[in-house]
Amino acid sequence: MSRITGAIGVSVDGDDRVDVVYTPGYQGRVYPTLRIGNSLGLDVTGASPEVLRQIAEAAEELAGWAEERDTAAQVAAEDGVRSIGVPAQRGQVAA
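Residues numbered from 1 in each chain as written. Predicted model: local features only at pLDDT ≥ 70, side-chain atom pairs only at ≥ 80, totals over all residues. Heavy atoms only, no water.

A.B. asks: Looking at this structure, I do not really get the layout of surface pockets. What am I missing?
C.D. replies: To locate leftover empty space, one rolls a probe as large as a water molecule over the atoms. Within this model, the second largest pocket holds a volume of roughly 360 Å³. Along its surface, the second largest pocket is lined by 14 residues, and Val12, Val18, Ile36, Ala59 and Leu62 are the ones closest to its centre. For the lining of the second largest pocket, the secondary structure elements donating two or more residues are β2 (30–36), β3 (40–43) and α1 (49–78). With five residues, α1 is the largest single contributor of residues to the lining of the second largest pocket. In terms of residue class, the lining of the second largest pocket is built from eleven nonpolar, one polar and two charged. (1 Å grid on protein atoms, 1.4 Å probe; cavity = no way out; pocket = protein on both sides within 12 Å on 5 of 7 lines; lining within 4 Å. Points joined across faces, edges and corners; volume = space filled by probe spheres on them. Helix = DSSP H or I, 4+ residues; strand = E, 2+ residues; numbered from the N terminus. Nonpolar A, V, L, I, M, F, W, Y, C, P; charged D, E, K, R; others polar.)

Quick look at the structure:
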């Protein structure tokens, strides 16, 4: 069962490392953690292989999104566009 013990926002930069860290514990037990940069660690000790594969699939989806974003920015730069994004819209903004 997943438990969220708090909500956090972490910015991951291009130079942040993503590693698996195995911490030894009592009587040789190992505690694996997915480390993302210096700010985020996901304890995956109790995760099933299926959940870990879902995490990998989600990361692959995000990689595709980032590639599309970078390609769009490169094409825009070649066309002389200084920035790409959603145009500003007037009106109320939810807080």
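A.B. asks: Honestly, the side chain of Thr33 in this entry has me stumped. Any pointers?
C.D. replies: Along the polypeptide, Thr33 turns up in strand β2. Apart from the residues within four sequence positions on either side, Thr33 is in contact with Asp19, Val20, Val21, Gly41, Leu42, Asp43 and Val44. (Contact = heavy atoms within 4.5 Å.)

A.B. asks: For this particular structure, what's the right way to read the pairing of β2?
C.D. replies: Side chains on a regular strand alternate between the two faces of the sheet. The pairing of strand β1 (residues 18–24) with β2 spans seven bridges and is classified as antiparallel. Bridge pairing in β2 places Val20 opposite Leu34. Judged from the four bridges that link them, β2 and β3 form a sheet pairing that is antiparallel. Across the sheet, residue Arg35 finds its bridge partner in β3, namely Gly41. From the end of β2 to the start of β3, which pair antiparallel, there are three residues, and Gly37 there has a positive phi angle of about 65°. (Pairing = 2+ DSSP bridges.)

A.B. asks: Even after reading the chapter, I still don't get a nonpolar patch on the surface, so can you show me in this structure?
C.D. replies: Among the surface-exposed residues, Ile8, Val10 and Val12 lie close enough to one another that they form a single nonpolar patch of about 260 Å² accessible area. Summarising the element assignment, Val10 is placed in the segment before β1. (Patch = residues over 30% accessible without salt bridge, like charges linked within 9 Å, V, L, I, M, F, W, Y side chains within 5 Å. Areas by Shrake-Rupley, 256 points an atom, 1.4 Å probe, with all protein chains shown as cover. Salt bridge = Lys/Arg side-chain N within 4 Å of Asp/Glu carboxyl O.)

A.B. asks: Quick question: what am I supposed to make of the sheet that holds β2 here?
C.D. replies: Sheet strands pair by backbone hydrogen bonding; their relative direction is either parallel or antiparallel. As summarised here, the arrangement of the three strands in space is β1-β2-β3, forming an open sheet in which the pairing is antiparallel. Every interior strand has two partners, whereas the edge strands, β1 and β3, have only one. Shown here is a sheet whose adjacent strand axes are inclined to one another by a mean of 30°, direction ignored. (Axes fitted to C-alpha atoms, helices over the stretch in contact; angles between N-to-C directions.)

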